[in-house]
Amino acid sequence: LVCPIKDINGRLSHFTLVVHNLTRTIEASREHENLIHAMQRSTAVIEFDMQGQILHANKLFLGAVGYSLDEVKGKHHRIFCPPEFSESPEYNQFWDRLRSGEFFADRFRRLDKHGHEVWLEASYNPLRNSRGEYYKVVKFATVITDQVHQEQEVGRAAGVAFETSKDTDASAVRGI
């Protein structure tokens, strides 16, 4: 910024140059951009307004649920939820708590475009604007559907083994 300085008679005396070194600010901004870009490449990401309307989703998220961005943008989060959850009081409380700034991290059962189960290990993160107001929620997710289905199969197999063991024990007690 160049500032002209006048003498007491109003004539130009000299100029003062005011300079701010923005190197650190620019470097920090680039680092943040690089972090966001890296996260977008490796993580399913979707953004919502504070009422749950979809603002944006990256390719990884859209691939996991089988929709295009045009199909989901402006729709409500509930399109990904089983009706027994999206129509429950807990669902409304979930969004109330997000609006108050609470974040959630857990495994979430969701549905794809065709109604098939999709499991996500995810966090819902309310973000603040420069005035400190919550203005959107960003969800970062990893698709763990295969892992959850494998765990369910192991659980079922363990249940069969347990029941077989109980039946064998009962037979032995009866002397069969």
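So, how was this worked out
- Residues numbered from 1 in each chain as written.
- Predicted model: local features only at pLDDT ≥ 70, side-chain atom pairs only at ≥ 80, totals over all residues.
- Heavy atoms only, no water.
- Helix = DSSP H or I, 4+ residues; strand = E, 2+ residues; numbered from the N terminus.
- Rg over C-alpha atoms; globule rule 2.2 N^0.38 Å.
- Buried < 20%, exposed > 50% of the residue type's maximum accessible area, 1.4 Å probe, protein only.
- Pairing = 2+ DSSP bridges.

**A word on the overall build of the protein**
Line of reasoning, step 1. Of the regular secondary structure elements, the protein holds six helices and seven strands.
Line of reasoning, step 2. Along the protein, helices (α) and strands (β) appear in the sequence β-β-α-β-β-α-α-α-α-β-β-β-α when read from the amino end.
Line of reasoning, step 3. Its C-alpha atoms give the protein a radius of gyration of 28 Å, clearly above 16 Å, the size a compact globule of 176 residues would have.
Line of reasoning, step 4. Taken along its principal axes, the extent of the C-alpha atoms in the protein is 120 × 30 × 30 Å.
Line of reasoning, step 5. Burial status across the protein gives 29% buried among its 176 residues.

**Side note on the pairing of strand E3 (residues 44–49)**
Line of reasoning, step 1. Here E3 lies mainly inside the structure; six of its six residues are buried.
Line of reasoning, step 2. Burial along E3 is two-sided: the face carrying Ala44, Ile46 and Phe48 and the face carrying Val45, Glu47 and Asp49 are both buried.
Line of reasoning, step 3. As paired elements, E3 and strand E7 (residues 134–143) share six bridges and run antiparallel to each other. In the strand pairing of E7, alanine 44 is matched with alanine 141.
Line of reasoning, step 4. Here E3 runs beside strand E4 (residues 54–57); their pairing, made up of three bridges, is antiparallel. Bridge assignment links phenylalanine 48 to a residue of E4, and that residue is isoleucine 54.
Line of reasoning, step 5. Adjacent in sequence and paired antiparallel, E3 and E4 are bridged by four residues, among which glycine 52 carries a positive phi angle near 100°.

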